[in-house]
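Fold and geometry: a report
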Amino acid sequence: MSIPTLTLNNGVELPSIGLGVYQSAAEETAAAVESALRTGYRHIDTAAIYGNERQVGEGLRASGVDRDEVVIETKVWVSDFSHDRTLHAFEKSTGKLGVDTIDLLILHQPAPSRFDQTIAAYQALEELLADGRVRAIGVSNFTPSHLDQLLAAVEVVPAVNQVELHPYFSQPALQGVDHDLGILTQAWSPIGGITFYPGWGEHRRSVMEDETLAAIAADHGKTPAQVMLRWHVQEGRSAIPKSVNPVRIAENFDIGDFELSGDELASIDALDSGVRSGPDPDVERPAMFERMIPEA
Ligand SMILES: NC(=O)c1ccc[n+]([C@@H]2O[C@H](COP(=O)([O-])OP(=O)(O)OC[C@H]3O[C@@H](n4cnc5c(N)ncnc54)[C@H](OP(=O)(O)O)[C@@H]3O)[C@@H](O)[C@H]2O)c1
């Protein structure tokens, strides 16, 4: 069984597994992207705030893979939320990536206390979409209430909502809302990175060490990361595991040769604790507006 391709609500196709590059050091990013594209990945997820869009572009060109075969996804940071600033954010990102168009451009997160600016930023994305500068637009870290507020003011339903989603926080209610609206749920920290990478608080339980996942992995001769990615794919989500290690990049893509049973999927669904490990999208950190995105 191969890794399926998903179709967004405007017909654009998205491979269900892509490479994430959050916290990929700039000097490691080009090699990671090149390695992923040579392995067969055709979707890269970056963001203006990650500071590595330039290296994503370098990796793309070094891979020799045709630009048109790769879905490039990037995100507009909150300090660039306004109609004009968001249009300029597109120029900054395309300049760094070295591309003319962006396949999937999304708002990195809502700005709850300045939701008018969030809406203005999204309306700029709608213009870029209408002008053919981007092929699909979306959001990230939006709750059902943020989606309600957005949809009351805009025309284009987001193609994706990229949110924290791993076995310990699988957000079934949000997934249901996304589904009903025709929005693809895209999992960040799909193998639970937020539950184990350093610097995100104490008292976390690493999904990677979960006993249920270990047992399922052993039964299939696969790793817990591969089981989690298979779970996302079989449940119809997009997942963007991050790695800078070529062996793990390949491992995360090697999930086409096994299938989880309905009982196995249900036992992974049952691991949901309902408690997020990452930031609450409704709790605004004023410092996030002070982080400025450099020019290309
Ligand atoms: N929209 C948002 O607000 C938001 C927030 C967070 C993340 N994201 C996106 O989602 C992507 C993925 O999320 P994430 O980076 O938070 O977490 P993740 O992909 O779930 O986990 C990444 C961590 O797992 C390690 N790893 C990768 N493959 C592995 C494997 N097969 N076995 C064991 N360890 C493995 C990586 O280290 P190595 O690199 O050393 O392999 C890294 O420490 C990000 O890169 C970013 O593109 C978006």
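The text that follows walks through the structure, step by step, so that each part is easy to find. In this text, all values refer to a predicted model and were calculated from it rather than measured experimentally.

**A look at the site of the ligand**
Surrounding the ligand, one finds 29 residues, the nearest of these being Asp45, Ser189, Lys242, Ser243 and Arg248. Within the backbone of glycine 193, an N or O atom sits 2.9 Å from an oxygen atom of the ligand. Note that an oxygen atom of the ligand is positioned 2.9 Å from one of the backbone N or O atoms of valine 244. Here the ligand has 910 Å² of accessible area as a free molecule, and 88% of this is covered by the chains. If you tally residues by element for the shell around the ligand, the top one is helix H9 (residues 246–253), at three residues. Its residues assigned to classes, the shell around the ligand comprises 13 nonpolar, eleven polar and five charged.

**What about the sheet that holds strand S4 (residues 43–45)?**
Taken together, eight strands build an open sheet; the order of strands is S3-S4-S5-S6-S7-S8-S9-S10 and the sheet is parallel. In this open sheet, the two edge strands, each paired with only one partner strand, are strand S3 (19–20) and strand S10 (238–239). In the sheet, strand S8 (residues 160–164) pairs with strand S9 (residues 184–188) via five bridges, with the strands oriented parallel. Each residue of the ladder has a partner; that of valine 160, found in S9, is leucine 184.

**A closer look at the packing of aromatic side chains**
By the definition in use, this model includes four aromatic pairs. With 6.3 Å between their ring centres and 70 degrees between their planes, tyrosine 22 and tyrosine 197 make a pair best called edge-to-face. Taken together, the positions of tyrosine 22 in the loop between S3 and helix H1 (26–39) and tyrosine 197 in the loop between S9 and helix H7 (211–220) put the pair 175 residues apart, joining distant regions of the chain. The class of tyrosine 197 is buried, set by a relative accessible area of 14%. Taken together, a centroid distance of 6.2 Å and an interplanar angle of 55 degrees make the contact between phenylalanine 115 and phenylalanine 142 tilted. Of the two residues, phenylalanine 115 is situated in helix H4 (residues 115–130) and phenylalanine 142 in the loop between strand S7 (134–140) and helix H5 (144–151); the sequence distance between them amounts to 27 residues. By relative accessible area, which is 1% here, phenylalanine 142 ends up buried. Three or more aromatic residues link up through ring pairs in this structure, and these residues are Tyr22, Tyr50 and Tyr197. The ring of tyrosine 168 is capped by arginine 205, whose NZ or CZ atom sits 4.1 Å from the centre of that ring. Its guanidinium or amino end placed over the ring of phenylalanine 258, arginine 230 lies 6.0 Å from that ring's centre, counting from NZ or CZ.

Rules of the game
Residues numbered from 1 in each chain as written. Predicted model: local features only at pLDDT ≥ 70, side-chain atom pairs only at ≥ 80, totals over all residues. Heavy atoms only, no water. Near = heavy atom within 4 Å. Polar contact = N/O pair within 3.5 Å; in protein donor to acceptor, adjacent residues only side chain to side chain. Areas by Shrake-Rupley, 256 points an atom, 1.4 Å probe, with all protein chains shown as cover. Helix = DSSP H or I, 4+ residues; strand = E, 2+ residues; numbered from the N terminus. Nonpolar A, V, L, I, M, F, W, Y, C, P; charged D, E, K, R; others polar. Pairing = 2+ DSSP bridges. Phe/Tyr/Trp six-rings, centres within 6.5 Å; stacked < 30°, edge-to-face > 60°. Buried < 20%, exposed > 50% of the residue type's maximum accessible area, 1.4 Å probe, protein only. Lys NZ or Arg CZ within 6 Å of the ring centre and 35° of its normal.

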